[in-house]
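Residue-level structure breakdown
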Amino acid sequence: MPRARVLQIGMDPDVIDFSPWPGQDADALRARLGEAEAALRDAGVDVTMCVLPDDVDAAESTVRKIVDAEPFDVVEIGSGLRTSHEYTLVFERVVNTVAAIQPGVPFCFNDSPETTLDAVRRGLASRS
């Protein structure tokens, strides 16, 4: 059985304003994201990471290049992209771009890097 292919999309930690989250910074977030990616790989999932700039057009271009290159079984979009008001336009453009290129691909959503594996499992289960 082939391994599930998952696209993880989130904001580049270097563009995030961490002032609302004392004690959190780009390096800490990168470490947490790395742990989430390792957990997915350990669970037998092929992961493609897609970190986005905060420019809407550049974010769309980044996503388009990856999604055009290969099909995915599920697309996970991180909570930082979805819940930060300053990234609403990026989120909207990303979802519409993925949906246009790979219609019907399930989306899943985490609420932190630590819940990514559960979110991906839900997304994969929705394909059945």
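Procedures and definitions
- Residues numbered from 1 in each chain as written.
- Predicted model: local features only at pLDDT ≥ 70, side-chain atom pairs only at ≥ 80, totals over all residues.
- Heavy atoms only, no water.
- Pairing = 2+ DSSP bridges.
- Helix = DSSP H or I, 4+ residues; strand = E, 2+ residues; numbered from the N terminus.
- Axes fitted to C-alpha atoms, helices over the stretch in contact; angles between N-to-C directions.
- 1 Å grid on protein atoms, 1.4 Å probe; cavity = no way out; pocket = protein on both sides within 12 Å on 5 of 7 lines; lining within 4 Å.
- Points joined across faces, edges and corners; volume = space filled by probe spheres on them.
- Nonpolar A, V, L, I, M, F, W, Y, C, P; charged D, E, K, R; others polar.
- Core = buried A, V, L, I, M, F, W, Y, C linked by side-chain atoms within 4.5 Å.
- Buried < 20%, exposed > 50% of the residue type's maximum accessible area, 1.4 Å probe, protein only.
- Contact = heavy atoms within 4.5 Å.
- Salt bridge = Lys/Arg side-chain N within 4 Å of Asp/Glu carboxyl O.
- Phe/Tyr/Trp six-rings, centres within 6.5 Å; stacked < 30°, edge-to-face > 60°.

Considering the sheet that holds strand β3 (residues 74–77)
Pairing is parallel across the open sheet formed by 4 strands, whose spatial order is β2-β1-β3-β4. Strands with a single pairing partner mark the edges of an open sheet, and in this sheet they are β2 (45–52) and β4 (107–109). Direction aside, the axes of adjacent strands within the sheet are offset by 25° on average. Where β3 and β4 come together, 3 bridges link them in parallel fashion. Counted as the bridge partner of Ile 77 is Phe 109 from β4.

A few points about the layout of surface pockets
In this structure, the largest pocket spans a volume of roughly 460 Å³. Lining of the largest pocket is provided by 27 residues; of these, Ile 16, Leu 29, Ser 79, Gly 80 and Pro 113 occupy positions nearest its centre. Counting residues per element, the ones that place at least two in the lining of the largest pocket are β1 (4–11), α1 (26–42), β2 and α3 (79–83). Broken down by class, the residue content of the lining of the largest pocket amounts to 13 nonpolar, 11 polar and 3 charged. Estimated volume of the second largest pocket: approximately 210 Å³. For the second largest pocket, the lining is made up of 13 residues, of which Pro 2, Arg 3, Ala 4, Leu 124 and Arg 127 are closest to its centre.

Considering the nonpolar core
Ile 9, Leu 52, Val 63, Leu 81 and Val 90 are the most contacted members of the largest nonpolar core, which totals 21 residues. In contact with Val 90, not counting residues within four places along its chain, are Met 11, Leu 52, Asp 54, Val 56, Ala 59 and Leu 81. Grouped together as the second largest cluster of nonpolar side chains are 11 residues, Val 6, Leu 40, Ala 119 and Val 120 included.

Side note on the pattern of salt bridges
Across all of its chains, the model carries 9 salt bridges by this definition. The shortest N-O distance in the salt bridge between Arg 30 and Asp 14 comes to 3.1 Å. Highlighted residues: Arg 30 in helix α1 and Asp 14 in the loop between β1 and α1, separated in sequence by 16 residues. With relative accessibility at 34%, the residue Arg 30 sits in the partly exposed group.

Quick notes on the packing of aromatic side chains
Inspection of every chain in the model, using the stated rule, returns 1 aromatic pair. Both rings, one in Phe 18 and one in Trp 21, keep their centres 6.5 Å apart while their planes meet at 70°; by these two values the pair is edge-to-face.

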